[in-house]
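Summary of the model geometry
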Amino acid sequence: MRVATRRAAGFHPGGWTGELRDEVEGYFDDLAGEWHTRNSPQRTAVVIDALERGLGVIGAPVGLAVEVGSGIGTYSPLLAERFATVVAIDLSLAMLRLAPIGPAFRVRADGATLPISDASAAAIVLINALLFPTEVERVLSPDGVLVWVNSSGEHTPIYLSVDDLVEGLPGEWTGTSSRAGEGLWCVLRRA
């Protein structure tokens, strides 16, 4: 997953290819049945901290939140408490089939080509999810925010440091980051 993470973000040769997409999809399809066992109060606390403190510092926009890599929908209710509409996107159909109906709209799609209009998202939320910088740039509204969470910090399989995250994004960004338990989070807005 580390190589796939760096390829998706543009840091590793080869980039995000159809072959890599298929490998990642198969990997998560195979894990879907046991994915619920990976949730814990500690991991949820990292997400809550990012949403409360991170959005508190940056300023929480209103409108559409796009949760990329939503999996079985563990964190969608937390987003629905803060945003008017949540679209939860995942590449794995097996994961989406296990997600509850509501509070988010569930969509199967590749994060590299989001089915979201240009400049329409108040927030893009990546919780242990791959970063596709050009899609963040395209989909995020001018005053929108990017919420990045690694719930197990440096031990998260899909991991980028905050420095790599900022370096991978087009243009200049400003924001805040912190640790919560074992996790790391960062909330950014274009400078």
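The coordinates are above.
Nothing here was measured: the structure is a model prediction, and the numbers come from that model.

Before going further, it helps to examine the pairing of strand β1 (residues 64-68). Most of β1 is tucked away: 5 of the 5 residues are buried. The two faces of β1 match: L64, V66 and V68 on one face and A65 and E67 on the other face are all buried. Alignment of β1 against strand β2 (residues 85-90), held across 5 bridges, turns out to be parallel. Residue pairing in the sheet places V66 in a bridge with V87 of β2. Both β1 and strand β4 (residues 121-127) contribute to a ladder of 4 bridges, which runs parallel. Paired with V66 across the strands is I124, a residue of β4.

The end-to-end C-alpha distance of helix α2 (residues 18-31), which contains 14 residues, comes to 20 Å, matching closely the 20 Å that a straight helix rising 1.5 Å per residue would cover. For α2, the full list of buried residues reads L20, V24, E25, F28 and L31. Projected down its long axis, α2 carries its buried residues within an arc of 135°, all on one side. Exposed side chains of α2 directed beyond 90 degrees from the buried face belong to E19 and D30. Buried residues along α2 sit in contact with α1 (2-8), α5 (93-98) and β3 (105-108).

On to the pattern of salt bridges, then. In this structure the tally under the stated criterion is 12 salt bridges. For R82, the salt bridge is made with E81, and the minimal N-O distance between the two is 3.4 Å. Using a relative accessible area of 26% as the deciding quantity, one classes R82 as partly exposed. Relative accessible area serves as the criterion here: at 60%, E81 is assigned to the exposed category. We note a salt bridge from R179 to E154, for which the minimum N-O separation is 3.1 Å. On the criterion of sequence distance, the pair formed by R179 in strand β6 (residues 173-180) and E154 in the loop between β5 (140-150) and α7 (162-168) is long-range, its members being 25 residues apart. On the accessibility criterion, R179 (41% relative accessible area) is partly exposed. Counted as one network, the salt bridges with shared partners bring together R21, D22 and D110.

The next point concerns the nonpolar core. With 25 residues, the main nonpolar core has I124, L131 and L146 as its most contacted residues. The set of elements that each furnish at least two residues to this core consists of β1, β2, β4, α6 (133-139), β5 and β7 (183-190). The residues touching L131, leaving out its near neighbours within four places in the chain, are A8, A9, L126, V136, W148, L160, L165 and L169. Formed by 23 residues, the second largest nonpolar core is a distinct cluster that contains V47, Y75, A104 and I127.

Relative to the assigned elements, D49 resides in helix α3 (residues 41-58). Polar contacts involving the side chain of D49 include one to the side chain of R53, which spans 2.8 Å. Residue contacts for D49: discarding those within four places in its chain leaves G54, R179, A180 and W185.

The buried fraction of β2 is high, at 5 of 6 residues. Both β2 and β3 contribute to a ladder of 4 bridges, which runs parallel. Paired with A88 across the bridge in β3 is R106. Between the parallel elements β2 and β3, the chain passes through α5 in a crossover that is right-handed.

Conventions adopted
- Residues numbered from 1 in each chain as written.
- Predicted model: local features only at pLDDT ≥ 70, side-chain atom pairs only at ≥ 80, totals over all residues.
- Heavy atoms only, no water.
- Buried < 20%, exposed > 50% of the residue type's maximum accessible area, 1.4 Å probe, protein only.
- Helix = DSSP H or I, 4+ residues; strand = E, 2+ residues; numbered from the N terminus.
- Pairing = 2+ DSSP bridges.
- Expected span 1.5 Å × (residues − 1).
- Arc of directions from axis to C-beta.
- Contact = heavy atoms within 4.5 Å.
- Salt bridge = Lys/Arg side-chain N within 4 Å of Asp/Glu carboxyl O.
- Core = buried A, V, L, I, M, F, W, Y, C linked by side-chain atoms within 4.5 Å.
- Polar contact = N/O pair within 3.5 Å; in protein donor to acceptor, adjacent residues only side chain to side chain.
- Right-handed = clockwise from strand over helix to strand, strands pointing away.

Limitation: the analysis is restricted to geometry and does not speak to function.
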